[in-house]
Amino acid sequence: MGSSNTGVKDDSTTDADTSTGDLPESSSGIFAEGEKVLAYHGPRIYEAKVQKAEFRKKEWRYFVHYLGWNKNWDEWVGVDRLMKHTEENVLKQQTLDKKQGAEKNPKSGRSTQAKPKSSTDAKVEKEDLKSYDVARGKRRKSDSGIEKDNASAEKLVKIPIPATLKKQLVDDWDFVTQQDKLVKLPRVPNVDGILVKYVEYRIKKDGSMTNNVAEILNGLRSYFDRALPMMLLYKKERQQFQEATQPHAQRSTSPSTVYGAEHLLRLFVKLPELLACVNIEEETWIAMQQKFIDFLKFLQKNQSTFFLSAYEGSKPSEGSGRGKG
């Protein structure tokens, strides 16, 4: 999502922020917890559900979940971002969807406000996002607002992604699926190079590198090489993958030597799901989580160096996105 607080739970809230000392007469605010609403995000309107309502700094704030979207996009919003879920407002949403579709400008460059798709838009890129749900989340058959996979989701230890990197993910999604552009390969630095730079960074900061850090980085490389062709590519990128990693029939090339930060970042969205299938002790997983968080901060610190600011136009056969998946 494009806003500065996109998809990031406002953990900075203090007791003073949520103090009820100045609470207005209406203790529930305009919107109630559990209420289905319509929420503005950038130039469009999306269905959402109010999870929490708090009175902060003399105004109501609402923590919303976008229906049909991954919980990573949940966020705190003000009353100015929400509307009642009425027939009139739904019509306004549909009218705005049509208007945005008509005004889509391919020359606009990087998306400044990207977010969960409305119910009308969700079908457009369904095939592209079957395996990779960073920008969309998994669609559900019901819009009841009840997460079907709540039980399993609670078991996953989240890896919080910094807001600027979430914006990077959305821009990445926009380049590939909306603008028919691709990351120019091979990338410099590639994933292997980034991991080496992180090792150098840790050694410079700590004076040495522990064995468990080395093991985690090796594990990241291994997961990346295996996961990329299975779940980290959009449909429009598959032909490019074949061309980039199999230049010769006799020898294949590891994705970590070809791809860079753009695709590595996608891995961190899938890691909790992947590691949930592995028998890891809680203490070990917590230590790994801290290392992952530190690595993401390292990516964020070097964002302008590691990530491309623009992608290149795809070949006609790739841009069509109609090949077999």
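So, how was this worked out
- Residues numbered from 1 in each chain as written.
- Predicted model: local features only at pLDDT ≥ 70, side-chain atom pairs only at ≥ 80, totals over all residues.
- Heavy atoms only, no water.
- Helix = DSSP H or I, 4+ residues; strand = E, 2+ residues; numbered from the N terminus.
- Buried < 20%, exposed > 50% of the residue type's maximum accessible area, 1.4 Å probe, protein only.
- Contact = heavy atoms within 4.5 Å.
- Areas by Shrake-Rupley, 256 points an atom, 1.4 Å probe, with all protein chains shown as cover.
- Axes fitted to C-alpha atoms, helices over the stretch in contact; angles between N-to-C directions.
- Parallel < 35°, antiparallel > 145°, perpendicular 65-115°, else oblique.
- Nonpolar A, V, L, I, M, F, W, Y, C, P; charged D, E, K, R; others polar.
- pLDDT = per-residue confidence, 0-100.
- Pairing = 2+ DSSP bridges.

Glancing now at the overall build of the chain. Summing up its helical and strand segments, the chain has 10 helices and seven strands in all. Buried residues in the chain amount to 46% of all 325 residues. Of all intrachain contacts in the chain linking residues separated by at least 6 positions in sequence, the fraction that spans at least 24 positions is 75%. Just so you have it, the chain exposes about 17,300 Å², and 50% of that area is on carbon and sulfur atoms.

Between helix α7 (residues 261–275) and helix α8 (residues 282–301), whose axes approach to 12 Å, the crossing angle comes to 170 degrees. The angle between the axes of α7 and α8 places the two elements in the roughly antiparallel class. Contact residues: Leu-264, Leu-265, Phe-268, Leu-271 and Leu-275 in α7; Trp-285, Met-288, Phe-292, Phe-295 and Leu-296 in α8. Across the contact of α7 with α8, the residue classes tally to 10 nonpolar, no polar and no charged.

Here the focus is the confidence of the model for the chain. Within the chain, residue pLDDT values average 74, and 68% of them lie at 70 or more. Low confidence marks residues 1–28, where pLDDT is under 50. Its contacts with residues over four positions away, or in another chain, come to 62 contacts. When the criterion is pLDDT under 50, residues 117–155 qualifies, and its contacts beyond four places in sequence or with other chains add up to 79 contacts.

The pairing of strands in a sheet comes from backbone hydrogen bonds and takes either a parallel or an antiparallel form. Spatial ordering of the open sheet is given by β4-β3-β2-β1-β5, a layout of five strands whose pairing is antiparallel. Sheet topology places β4 (75–78) and β5 (82–84) at the edges, where each strand pairs with a single neighbour. Neighbouring strand axes in the sheet, compared pairwise and without regard to direction, differ in orientation by 50 degrees on average. Strand direction decides the pairing type here: strand β1 (residues 36–41) and β5, joined by three bridges, are antiparallel. From the neighbouring strand, Leu-38 faces β5, where its bridge partner is Met-83.

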